[in-house]
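A look at the structure
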Number of protein chains: 2
Amino acid sequence: MFDGPLTCGLDPAERRARLRLARGRRIGPVLFQEALQHFGSARAACARLATASDAEVAREEEGLAAAGGRFLVLGDADYPAPLAALRDAPPVLSAIGGLGLLARPILAIVGARNASAAGCRLADTLARDLGQAGFAIVSGLARGIDAAAHQAALASGTVAVMAGGIDQVYPPLNAGLHQAIAERGLLLSELPWGSPPVARAFPRRNRIVSGLSMGVVVIEAAARSGSLITAHRAAEQGREVFVVPGSPADPRYAGSNSLIQDGAILTAHANDILGVLGKPRVPRQALEKPNKKPMSPDAEQILSTLGSVPTAVDELVRRCQVSAAAVAEVLLALELEGRLERHRGNRVSLI
Amino acid sequence: MFDGPLTCGLDPAERRARLRLARGRRIGPVLFQEALQHFGSARAACARLATASDAEVAREEEGLAAAGGRFLVLGDADYPAPLAALRDAPPVLSAIGGLGLLARPILAIVGARNASAAGCRLADTLARDLGQAGFAIVSGLARGIDAAAHQAALASGTVAVMAGGIDQVYPPLNAGLHQAIAERGLLLSELPWGSPPVARAFPRRNRIVSGLSMGVVVIEAAARSGSLITAHRAAEQGREVFVVPGSPADPRYAGSNSLIQDGAILTAHANDILGVLGKPRVPRQALEKPNKKPMSPDAEQILSTLGSVPTAVDELVRRCQVSAAAVAEVLLALELEGRLERHRGNRVSLI
């Protein structure tokens, strides 16, 4: 790891040079750090290597800003420290959402895409309990365990690391979750805007998921599964590996059980994790809901009009004198927080 | 542990004295060994302590012999050595069946009485695979996991340690299994003939189950369950504890998972056990089916008459010219071996 210039803030010219170097076509994360070390700075490296143009980088940065995001460059003061310690740390991350989450202690929850209902319930319970204990929950926004963990941690704080560019919603099933995390959590990607999520991007994405984390919780890892590879990679990174066990009769747990045999920590409850890592010391401020916008007057009015008795959405619009679109947006937000129930006849109630 | 006289054969007078001492009302296993040590022999102890009478012991021994059994007295050459090493070794065991099984390496399989179907299938698979590898399988003849393990190991060799006297069929559900083990495996009990299986006898029985074994396999141990206690006791005895994991969502595995957290060996397949204990070196002779009577001419004829197409039992009786009782006995034996399927209309077929 290249020390010194990476750990303090960057001057604007060096920062821009790092972006150009990082977006150079043949420059991967390891080569990026080697180039910095060899040439002494990205500015010096840019004079000698084929990098992206200043205009290309400026265009991507503007597009990202228009979507409400920004770059985190390796060396920026708020680039996450655990990730910076990796020899293949992403040279640049695109970020949309609440960067404050990266100052929190982070745990990853990963697992099967074709997860069982029981597995998803376990992901939900663990994400809620660990979120309540003060951890931000990071995962890969895949279907199955990833989605269940993100969903359950939306209220307490969740980070999604994407396998494609930060604008690439994948899988389409998770479009709503993607949107909700952009608004209330944090989206991260190391790939340029517009990059499709190709197969080889998934294991590379997973090193960021574990790299951000103190530990990785694995739920339903079959033999030879991606989650199993993530767990091994996390152990190589020096992260704790926590594994939920399952019946040997269920092939979804074959990899999980072998991880425990190899020394991973059998995990049945959040306390099994807190017992190892300790309850995190979280700055009081960081525990406030991340990236939470103050509630709009419209939202407050809609919320006060709702109750446990189902109410027609049309009636809400009429009573609150707010546009139908604004009502729909507030209802979606409540639904994602698990506070709203929908009923037949386009009626809703608070839970 | 009292050494010397216990490890070689006993002279008949000392052996009879040990039986009288063992059956003395207030003399438990620990006091038995202390008395031997203090007085130097059971003969000397009998002169000073309140023991059972010679006639009482003779009566019990005759009754046991009439049922085809005999006593194993601590100190007898064929008293199982791993059990003799315990400070609370049973001073005497009643035994009915194939004593040769005690010369084999032994593994215990124990678990929930209210076991799940999946748990019973796991017990079945492990018992078969470990039996095939050369282990005799010992358990407690309870319903659930115990019964499944015994049943699956009937063909390769199984030992049942009973919580009451050796004549006490308990639970009644397992009467057929009790009978089959008497005929083809080995029944053991430390309690006198006729003793009912009272509550406090169960944990005492369990120390014999684990004491006979190199290791104990635990399937579906709930929190605060008897199986959990057996596992802890086995660890105290220096036995390996192998535990099948399960979902944290299933309370039947709460104790199991906590055992693994405390250092027990996560076990998904027989190979996980063989990898620790090694494949046992079994005398060729001992691997022959224990206590298996050569097949009677009647049985051979019935077997050759049966096939995969269901046949009426009446027709079997007629064709084979054998009594209905003899046919029923052969069919039961085949059924216990898992080779016979019963169909409606009192018809049977081979599997």
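Residues numbered from 1 in each chain as written. Chains lettered and ligands numbered in written order. Predicted model: local features only at pLDDT ≥ 70, side-chain atom pairs only at ≥ 80, totals over all residues. Heavy atoms only, no water.

**A word on the overall build of chain A**
Scanning chain A from N- to C-terminus turns up 16 helices and twelve strands. Against the compact-globule benchmark of 20 Å for 351 residues, chain A has a radius of gyration of 21 Å, which places it among compact chains. Dimensions of chain A along its principal axes, counting C-alpha atoms only, are 70 × 50 × 35 Å. By the burial criterion, 52% of the 351 residues in chain A qualify as buried. Nonlocal contacts in chain A, meaning residues at least 24 apart in sequence, comprise 71% of its contacts between residues at least 6 apart. About 15900 Å² of surface is accessible on chain A, with carbon and sulfur atoms providing 52% of the total. Taking the 38 positively charged and 33 negatively charged side chains of chain A as two groups, their mean positions are separated by 2 Å. (Helix = DSSP H or I, 4+ residues; strand = E, 2+ residues; numbered from the N terminus. Rg over C-alpha atoms; globule rule 2.2 N^0.38 Å. Buried < 20%, exposed > 50% of the residue type's maximum accessible area, 1.4 Å probe, protein only. Contact = heavy atoms within 4.5 Å. Areas by Shrake-Rupley, 256 points an atom, 1.4 Å probe, with all protein chains shown as cover. Lys, Arg positive; Asp, Glu negative; His and termini not counted. Charge placed at Lys NZ, Arg CZ, Asp CG, Glu CD.)

**Focus: the environment of Ala 155 of chain B**
All names here are of chain B. Tracing the chain through its elements places Ala 155 in the loop between helix H7 (145–153) and strand E5 (158–161). Residue Ala 155 is classed as partly exposed on the basis of its relative accessible area of 30%. When the C-alpha atoms of Ala 155 and Ala 268 are compared, they prove to be 23 Å apart, with 113 residues separating the residues in sequence.

**What about the sheet that holds strand E12 (residues 347–350) of chain A?**
Residue and element names in this part refer to chain A. In space, the three strands of this open sheet follow the order E10-E12-E11, with antiparallel pairing throughout. Taken across any chain shown, the strands that pair with only one partner, and hence form the sheet edges, are strand E10 (311–312) and strand E11 (340–343). Bridge count between E11 and E12: four bridges; the pairing is antiparallel. From the neighbouring strand, Glu 341 faces E12, where its bridge partner is Ser 349. (Pairing = 2+ DSSP bridges.)

**Points about the relation of the copies chain B and chain A**
It takes a turn of 180 degrees to lay chain B on chain A, together with a shift of 0.3 Å along the axis; the resulting RMSD is 0.5 Å. Taken together, the turn and the small shift mark the pair as related by a two-fold rotation axis. No C-alpha of chain B approaches the rotation axis more nearly than that of Gly 246 of chain B, which lies at 2.0 Å. Comparing interface residues between copies, 100% of those in chain B also lie at the interface in chain A; the contact surface is shared. (Least-squares fit on C-alpha atoms with pLDDT ≥ 70 in both.)

**Some thoughts on the interface of chain B and chain A**
With 14 residues of chain B at the contact, the number on the chain A side is 14 residues. Taken together, both faces of the contact between chain B and chain A bury some 1100 Å²; the carbon and sulfur share is 71%. Ranking the residues of chain B by area buried against chain A places Pro 248, Gln 261 and Leu 266 of chain B at the top, with a combined share of 45%. (Buried area = accessible area lost by both parts, 1.4 Å probe.)

**Topic: the sheet that holds strand E3 (residues 106–111) of chain B**
All names here are of chain B. With mixed pairing, the nine strands of this open sheet are ordered in space as E1-E2-E6-E5-E4-E3-E7-E8-E9. The sheet is open, and its two borders are formed by strand E1 (69–73) and strand E9 (265–266), each paired with just one other strand. Bridging between E3 and strand E4 (residues 136–139) involves three bridges; their strand directions are parallel. Counterpart to Leu 107 in the pairing with E4 is Ile 137. Against the sheet, helix H9 (residues 201–211) contacts strand E2 (92–97), E3, E4, E5 and strand E7 (215–219), and its axis sits at roughly 155 degrees relative to E5. (Axes fitted to C-alpha atoms, helices over the stretch in contact; angles between N-to-C directions.)

**Quick look at the pattern of salt bridges**
All names here are of chain B. Under the definition given, this model contains 36 salt bridges over all chains. A salt bridge links Asp 54 to Arg 16, with the nearest nitrogen and oxygen atoms 3.3 Å apart. A residue pair is termed long-range when its members are at least 10 positions apart, and Asp 54 in helix H4 (residues 54–66) and Arg 16 in helix H1 (residues 12–22) qualify at 38 residues. Among the residues examined, Asp 54 registers a relative accessible area of 38% and is labelled partly exposed. Ionic pairing is found between Asp 78 and Arg 70, a salt bridge with its closest N-O pair at 2.8 Å. (Salt bridge = Lys/Arg side-chain N within 4 Å of Asp/Glu carboxyl O.)

**Considerations on H1 of chain B**
Since one α-helical turn is 3.6 residues long, residues separated by three or four positions face the same way. All names here are of chain B. Buried within H1 we find Glu 14, Arg 15, Ala 17, Arg 18, Leu 19, Leu 21 and Ala 22. Of the surrounding elements, those touching the buried residues of H1 are helix H2 (29–39), helix H3 (42–46), H4, E1 and E2. At the N-terminal end of H1, a side-chain oxygen is found 3.0 Å from the backbone nitrogen of Ala 13, two or three residues along, and the residue is Asp 11. (Polar contact = N/O pair within 3.5 Å; in protein donor to acceptor, adjacent residues only side chain to side chain.)

**Let's talk about the confidence of the model for chain A**
Residue and element names in this part refer to chain A. The predicted model of chain A averages 89 in pLDDT, with 92% of residues at 70 or higher. Confidence over residues 1–7 falls short of pLDDT 50; this stretch has 17 contacts with residues more than four positions distant or in other chains. Counted against residues more than four places away or in other chains, residues 283–293, with its pLDDT under 50, gives 16 contacts. Confidence estimates for the predicted assembly give a pTM of 0.75 and an ipTM of 0.72. (pLDDT = per-residue confidence, 0-100.)

**Quick notes on the packing of helix H6 (residues 117–132) of chain B against H7 of chain B**
Residues and elements named next belong to chain B. It is at 8 Å that the axes of H6 and H7 come closest, and there the two elements cross at 35 degrees. Our pair here, H6 against H7, has a crossing hand that is right-handed. Between H6, through Gly 119, Cys 120, Ala 123, Asp 124, Ala 127 and Arg 128, and H7, the contact on the second element is made entirely by Ile 145, Ala 148, Ala 149, Ala 152 and Ala 153. When its residues are assigned to classes, the contact of H6 with H7 shows eight nonpolar, one polar and two charged. (Left-handed = near helix turned anticlockwise from the far one by under 90°. Nonpolar A, V, L, I, M, F, W, Y, C, P; charged D, E, K, R; others polar.)

**Some words on H7 of chain B**
All names here are of chain B. In terms of residue burial, H7 counts as a mostly covered element, since eight of its nine residues are buried. Within the sequence span of H7, burial applies to Ile 145, Asp 146, Ala 147, Ala 148, Ala 149, His 150, Ala 152 and Ala 153. Buried residues along H7 sit against E3, H6, E4, E5, helix H8 (175–184) and E7.

**Looking at the packing of aromatic side chains**
Residues and elements named next belong to chain A. According to the stated counting rule, one finds two aromatic pairs over all chains in the structure shown. Seen in terms of ring centroids, Tyr 170 and Phe 202 are 6.1 Å apart; in terms of plane orientation they differ by 65 degrees. Their pairing is edge-to-face. Taken together, the residues span a long stretch of sequence, with Tyr 170 in the loop between strand E5 (158–161) and helix H8 (175–184) and Phe 202 in helix H9 (residues 201–211) at a distance of 32 residues. (Phe/Tyr/Trp six-rings, centres within 6.5 Å; stacked < 30°, edge-to-face > 60°.)

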